[in-house]
Amino acid sequence: MAETVLWTVDELLAATGGKLEGEVTAALNGVAIDSREIAPGNIFVAIRGDRTDGHEYAASALEAGAGLAVVARPDEAMRKAGPLLVVPDALKALEDIGRAARARVAGKVIAVTGSVGKTTTKDALKVALSACGATHAAVSSFNNHWGVPLTLARMPRHTAYGVIEVGMNHAGEIETLIDMVRPHVAIITAIAESHIGHFDSLTGIADAKAEIFTGVVPGGIAIINRDSEFFDHLAAKARDCGITDIRGFGEAEGADIRLMRYILHDTCSCMTANVCGQEVTCKLGAPGRHVVQNALAVLGACEAAGADLARCALALADIRPPSGRGVRHKLSRDGVSVTVIDESYNANPASVRAALQMLAAAEPAGRGRRIAVLGDMLELGSHSQGLHAGLAEPVVQAGVDKVYACGEHMGALWKALPRDSHGAHTATSQELIEPLLGSIQSGDVIMVKGSLGSKMGLVVKAIIARYGSSTGS
């Protein structure tokens, strides 16, 4: 049984020190914290979230097929519904299970952090390394205090390569998470203004990201953006943690994983890189200069993990942009054809600049235009006005014809833009939909970007609803 299931009861008892109530009859083949996502045999962990407490849904999770519920406050409804593992704290139990999963895996573990590019890099690593062995990685952006232990807890015992994304909003958060992960390879993609509202400076963000090095196992490898002004600072932090194998990726002379040539296309990219002495040429199944930069880190990590670099490079042709991070929708209805670049998942100044570069590389059809639809970038604190206004130059450089913006902070960009680029500026994304839809012309390429709290996904959905079914790419 131990070879075919994710967890045995004995393993869970040993990991958590909990007490079993009832009899487990199902093969425990998954872990979930959302009762709506329960599959038969899942372990449901009743953690307390920002808005809800999983204990309220433990009984329904068992009734939906969960093989076991991990709870701190059992009640009769839960006991009637199915077997329970009773622990003092459910989140702590999830962490304990995650640590046990990490301890039993003999394969290589790679951790990824950075201000931008974490999820794209994590997803690309999963595609690349899957060409060489059983690879486990988080779904979506599970990179926080519950996402990291959940990802670890789901990691099969036979994993050859584990890829764990680690995020933070405040100093000290990564250090706690990385102690569970204990990676062989740690990547920092970039240092940028994301969450700078919680820090005094970019150096503070760099220091917080450098916490990833505290968990690297002895003999492990650090992979850092060589083009970043913080490379030397981060390398010093890695050395302070006892890491001696430090590798840089980028275009800079002296980079261990160095970009030699690249070509950007509308829906893909091609690149040649020198990866620690090996020349590698590959096609990337997603467009954008930032994707090329992330691919350097991916190739470097694959080599560092001992994977077959040729196989990994070939597999990168199969990468696709994650939802809300560059997915292209080709739409057509009633003689009007438009392209939507969906970057609505999140935003900070660095990622907006990267999205604008993608818009610049896109070719409108006929008399179509490049349109940027931008929502507020959040968590920038006192830097917000200046960072929003600072996007005016990248907008102009990208050859954007019209800008549609929403939110209080985007008002600073609106004032800094040339008047002939003004489309509309509204308070909310919902209010922006009508003026935007009323202005769209056939051939337009429309890029939609904003922080998650700006709800720019509503704009994408509205365009798709108006102009037909999506053929996402």
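Before going into details, it helps to say that this report is about the structure given with it. What you see is a predicted model, and the numbers here were worked out from it, not measured in a lab. (Residues numbered from 1 in each chain as written. Predicted model: local features only at pLDDT ≥ 70, side-chain atom pairs only at ≥ 80, totals over all residues. Heavy atoms only, no water.)

**Brief notes about the sheet that holds strand 14 (residues 278-284)**
- Read from one edge of the open sheet, nine strands run 7-8-6-9-10-11-12-13-14, paired in mixed fashion. Two strands close off the open sheet at either side, each with one partner strand: strand 7 (135-137) and strand 14. This sheet shows a mean twist of 20° between the axes of neighbouring strands, independent of strand direction.
- Examined bridge by bridge, strand 6 (residues 108-113) and strand 8 (residues 161-165) share five bridges and lie parallel to one another. Within strand 8, the position partnered with Lys108 by the bridge is Tyr161. (Pairing = 2+ DSSP bridges. Helix = DSSP H or I, 4+ residues; strand = E, 2+ residues; numbered from the N terminus. Axes fitted to C-alpha atoms, helices over the stretch in contact; angles between N-to-C directions.)

**Comments concerning the packing of helix 1 (residues 9-16) against helix 4 (residues 90-104)**
- Closest axis-to-axis distance for the helix 1/helix 4 pair is 8 Å, and the angle between their directions is 115°. Taken together, the axes of helix 1 and helix 4 are roughly perpendicular relative to one another. As for how helix 1 packs across helix 4, the hand of that crossing is right-handed. Contact residues: Glu11, Leu12, Ala15 and Thr16 in helix 1; Ala93, Asp96, Ile97, Ala100 and Arg104 in helix 4.
- Looking at the contact of helix 1 with helix 4, its residues break down into five nonpolar, one polar and three charged. (Parallel < 35°, antiparallel > 145°, perpendicular 65-115°, else oblique. Left-handed = near helix turned anticlockwise from the far one by under 90°. Contact = heavy atoms within 4.5 Å. Nonpolar A, V, L, I, M, F, W, Y, C, P; charged D, E, K, R; others polar.)

**Considering the pattern of salt bridges**
- Counting across every chain of the model gives 20 salt bridges.
- The partner of Lys92 in a salt bridge is Asp96, and the shortest N-O contact between them spans 3.0 Å. Residue Lys92 and its partner Asp96 are located together in helix 4, separated by four residues, close to a single helical turn.
- According to the relative accessible area criterion, Lys92 is partly exposed, its value standing at 44%. (Salt bridge = Lys/Arg side-chain N within 4 Å of Asp/Glu carboxyl O. Buried < 20%, exposed > 50% of the residue type's maximum accessible area, 1.4 Å probe, protein only.)

**Brief notes about the pairing of strand 3 (residues 42-45)**
- The two faces of strand 3 match: Asn42 and Phe44 on one face and Ile43 and Val45 on the other face are all buried.
- Pairing analysis gives three bridges linking strand 2 (residues 30-32) to strand 3, with the strands arranged parallel. Residue pairing in the sheet places Val31 in a bridge with Ile43 of strand 3.
- When strand 3 meets strand 4 (residues 68-71), the two strands line up parallel, connected through three bridges. Bridge assignment links Phe44 to a residue of strand 4, and that residue is Ala69.
- Chirality of the crossover, the property in question, places the unit of strand 3, helix 2 (residues 58-63) and strand 4 among those that are right-handed. (Right-handed = clockwise from strand over helix to strand, strands pointing away.)

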